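# Topology and contacts: notes
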Protein chains: 2
Amino acid sequence: MPKQAPAMKKRAVRGSRTGRPIMALLDLLGRRWTLRILWELREGPLTSRALRTACDEASPTVMQTRLTELRDAGLIELLPGDGYGLTALGRDLKESLLPLHRFAERWSKQTTN
Amino acid sequence: MPKQAPAMKKRAVRGSRTGRPIMALLDLLGRRWTLRILWELREGPLTSRALRTACDEASPTVMQTRLTELRDAGLIELLPGDGYGLTALGRDLKESLLPLHRFAERWSKQTTN
DNA sequence: GCGCGTTGCTACAGATATTGTAGCGTCATG
DNA sequence: CATGACGCTACAATATCTGTAGCAACGCGC
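Residues numbered from 1 in each chain as written. Chains lettered and ligands numbered in written order. Predicted model: local features only at pLDDT ≥ 70, side-chain atom pairs only at ≥ 80, totals over all residues.

Each helix and strand counted, chain A has 5 helices and 2 strands in total. Secondary structure of chain A in N-to-C order comes out as α-α-α-α-β-β-α. Within chain A, the proportion of its 113 residues that are buried is 35%. Partitioning the contacts of chain A with sequence separation of at least 6, the portion at a separation of at least 24 is 46%. (Helix = DSSP H or I, 4+ residues; strand = E, 2+ residues; numbered from the N terminus. Buried ≥ 20, exposed ≤ 12 C-beta atoms within 10 Å, placed from the backbone. Contact = placed C-beta atoms within 7 Å.)

Here the focus is helix α5 (residues 88-110) of chain B. With 23 residues, α5(B) extends 35 Å from end C-alpha to end C-alpha; this agrees with the ideal 33 Å at 1.5 Å per step. Its maximal kink placed at B:Ser96, α5(B) deviates by approximately 30 degrees, while the proline B:Pro99 follows within four residues. Every buried residue of α5(B) is accounted for by B:Gly90, B:Leu93, B:Ser96, B:Leu97, B:Leu100, B:Phe103, B:Ala104 and B:Trp107. Of the surrounding elements, those touching the buried residues of α5(B) are α1 (21-29) and α5 (88-110) of chain A together with α2 (34-40), β1 (76-79) and β2 (83-86) of chain B. (Expected span 1.5 Å × (residues − 1). Bend = angle between axes of the 7 residues up to and from the residue.)

This part covers unusual backbone geometry. For A:Glu57, which is not a glycine, the phi torsion comes out positive at approximately 60 degrees. Residue position: A:Glu57 is located in the loop between α3 (48-54) and α4 (60-72). Phi angles above zero are rare outside glycine, and B:Asp56 is one such case at about 60 degrees.

As a matter of local geometry, DNA strand D sits amid 21 residues, with A:Ser59, A:Thr61, B:Ser48, B:Pro60 and B:Gly83 nearest to it. For the surface near DNA strand D, the elements supplying multiple residues, two or more each, are α4 of chain A together with α3 (48-54), α4 (60-72) and β2 of chain B. Here the surface near DNA strand D is composed, by residue class, of 9 nonpolar, 8 polar and 4 charged. (Near = placed C-beta within 6 Å. Nonpolar A, V, L, I, M, F, W, Y, C, P; charged D, E, K, R; others polar.)

Next comes the structure, spelled out in structure tokens:
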């Protein structure tokens, strides 16, 4: 299979007009709940409702929109019986995101938060 | 003096109620243009207008809002004469973000984008 | 086969956030 | 003084998100 058609069908991602993948990625991740969803799935699949609970009861409307976008991007997939889980590509992204956790700890120590 | 001068004064960051720094960070970064701004500053300071140009002409309203949030978070600072630049903490975050660039390349090869 | 609970997902109105255009006051340079 | 760049703001038009309610489909116990 040279190329998969299902992913990235319409309007793809804002910022992708520059042709630089990083811009498209930053735009995709810079939408509400997107980073959080990927984060909550880091340890394994969650059903859409468990995911909603984990994400501070985000409204099902955006949640569903984000899940569709992330599926189109090939980062997550719907596993019948298990809910949503990261794809191989998604797990790859998760690895790239892990340094953030360590940074967050350092950050919280300096912002009197 | 319209409002908000001190750092992190009201409700700081959505999601910080959990007390887990990573949630506050993911929420902060999950706002439009935030990731992009940090990314564009990765190689050095930019004036607010150069930043706007780099960020695909984002409206000055959000740009200014994001810059204030990022300043309150201690990630960027206004350097008189040089515009906005990353703080030591911001550069730390930048390092945590670099893996995303490499991932974006792999990602773009699989999504026919 | 009939409730019952859960799944993924959608409608819709009200609340927020973002965009786009215009413009302010300040400072430096000519 | 004029010009231009700076950081920053006002404000109306959009786009996006929230919150509540509810759908059809599936499995399970009975």
